[in-house]
Amino acid sequence: MSSTIKQAIEALKGRIADAYTAVSAKGGTLPATQDSANLPAAINSIPSGGGGVVEEKDINFIDHTGTIVASYTLAEALQLTELPAPIQYDGLTFIEWQFTLAEIQDFAQHNTFLNIGAYYKATDELLHLFVNIETDNTECSIYLYGAAWNSLETVDWGDGSTPTSVGRGTLSHIYNRGDYEIIVSSDLTKAGGMYSTSFPSARNTTAYCLYKIFASPYCTSVGGYPYAIREIVTNRSTSFTYPFSLLPNTIITPNLLGSGGGTVGSTKYICNRGISSAINYAYEGNIAARILPPIVEGATAVASRTYRDCMHLQRVVLPSTITSISAIFRYNYSLRDMYIYSTQIPTLSSAGAITGCESENLTIHVLSSLYSGYESDTNWAAVAADSKITLIGDL
Amino acid sequence: MIVQEQVEIGTKTFLHTYSDAAVKIEQVETGRIYDDAMDVIPCQYSYVETEQPIEPEQPEPDEN
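Please read these numbers as outputs of a predicted model, since none were measured by experiment.

S.K.: Explain the interface of chain B and chain A residue by residue, including any values.
M.R.: Chain B puts 20 residues into the contact, and the matching count from chain A is 23 residues. Summed over both sides, the interface between chain B and chain A buries roughly 1600 Å², with carbon and sulfur atoms accounting for 39% of that surface. If you look at where chain B meets chain A, you find one salt bridge. Put simply, Asp-377 of chain A and Arg-32 of chain B hold a salt bridge, and the shortest N to O gap is 3.2 Å.

Here it is, written out as structure tokens:
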């Protein structure tokens, strides 16, 4: 009898878990404690009329698939007491959101729109490459730079062939068209690792790995789709094109983005912890994102062309440490608000650095204590006189 | 050579200062560096040319 009751309870728990999975799939917000008591609220959180798709707001929680898990206005974010539960994926273990609740609320307090990425790792802690090969007899390669320096690494090519073991070097393999999961075994937590890969006819390639990867230009050849990387460390002057586009926990370091623009192209959701110092052309050419990662506190300059051609960008927030601004804007037709928390009036390289944004209706918010200074400062005075720009001291 | 000319923005008149050699200019009294400077009139500042070139505008990709 007790066995029957236990089985019934277990079955009930299973159905509750299934219900939460369905809520998540429909775009509802999951509580931290997923029990029967919280289920009604979770169901009520499913957006109505939107086909289960969570609408983008000011603060968005996004995972590596580009799915918005939860979204809030700035005011709603300030009321949060816990972060939303992530979507569970087979083979992946959720680690954390890239910002803490305290950090998010600090950003919200400072009027900052934010996309917050989810950090997952492969549950087995191996590197998984999911590739779709479109052409028969395609030679693909993986360059094992030595994640665990000189340790034996094994590559399971995912097509039933015998796995290959090697210390470091380039491995090649011939594929026919189809979907494959390639698994690389090594200790990826050790420094020095970079897997460059080449899948000439691959599409929809995704890689899951963990922790540190040293940036290399070669990784751009993974079909242009994101690695899930916790942290990128580099001092190389390299164009690390698409793979960071959905990375959850990356502070972009100088030179990481390379030059020439277009580094994030048409990526709508760019999740990283922001720009830590001046990088020329950081988001230049992004024509899709409404929200771009923040300039982090401590940065002293906003570099040239940072937001050029970011046509859908709505808001830019500069931290208190910014002391100079160069020609960061152009063709920012959707820009509506610029918040400047600088505790001294930043040197503006040219009035055109801001008026060049070509927004028809831009409001610049500055510290109230500095407002009169802006009105007479070199170049800022001309910005304030522009009929399409409103300068107000409301911070 | 430093060039100065008056320009109107909205209802106000400013003194526009720039280098005809396309170099950045230094505001002597503050040491601040500008590509070009718009100051309210009467202007409290004087300017000299630096040796730093102003980053030239690059053509749009579809203009290549």
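S.K.: Can you explain the pairing of strand β3 (residues 23–27) of chain B? Please cite residues and give values.
M.R.: Residue and element names in this part refer to chain B. Bridge count for β3 against strand β6 (residues 47–53) is four bridges, and the pairing is antiparallel. Pairing of Gln-27 across the sheet is with Tyr-47, part of β6. The sheet contact formed by β3 and strand β4 (residues 33–34) spans two bridges and is antiparallel. Looking at β4, one finds that Glu-26 is bridged to Ile-33.

S.K.: Tell me what's going on with the sheet that holds strand β5 (residues 37–40) of chain B, and back it up with residues and numbers.
M.R.: Pairing between sheet strands relies on hydrogen bonds along the backbone, with the strands arranged either parallel or antiparallel. All names here are of chain B. Taken in spatial order, the three strands make up an open sheet running β1-β2-β5, and their pairing is antiparallel. The sheet is open, and its two edges are formed by β1 (2–9) and β5, each paired on a single side. For this sheet the average axis-to-axis angle between neighbouring strands, irrespective of direction, equals 30 degrees. For strand β2 (residues 12–19) and β5, the ladder comprises four bridges, and the chain directions are antiparallel. Directly across from Thr-17, in β5, lies its bridge partner Ala-37.

S.K.: Could you give an account of the nonpolar core, naming the residues involved and the relevant values?
M.R.: Residue and element names in this part refer to chain A. Formed by 46 residues in total, the largest nonpolar core has its most connected members in Tyr-307, Leu-318, Phe-329, Met-338, Ile-354, Ile-364 and Trp-380. At five residues, helix α7 (residues 380–385) tops the list of elements feeding residues into this core. Sequence-distant contacts of Ile-354, defined by excluding residues within four places in its chain, comprise Phe-329, Met-338, Leu-348, Leu-362, Ile-364, Trp-380, Val-383 and Ile-389. Within the second largest apolar cluster, 21 residues are counted, among which are Phe-61, Phe-99, Ile-116 and Ala-118.

Conventions and cut-offs
- Residues numbered from 1 in each chain as written.
- Chains lettered and ligands numbered in written order.
- Predicted model: local features only at pLDDT ≥ 70, side-chain atom pairs only at ≥ 80, totals over all residues.
- Heavy atoms only, no water.
- Contact = heavy atoms within 4.5 Å.
- Buried area = accessible area lost by both parts, 1.4 Å probe.
- Salt bridge = Lys/Arg side-chain N within 4 Å of Asp/Glu carboxyl O.
- Pairing = 2+ DSSP bridges.
- Helix = DSSP H or I, 4+ residues; strand = E, 2+ residues; numbered from the N terminus.
- Axes fitted to C-alpha atoms, helices over the stretch in contact; angles between N-to-C directions.
- Core = buried A, V, L, I, M, F, W, Y, C linked by side-chain atoms within 4.5 Å.
- Buried < 20%, exposed > 50% of the residue type's maximum accessible area, 1.4 Å probe, protein only.

Shape is all these values report; function is a separate question.
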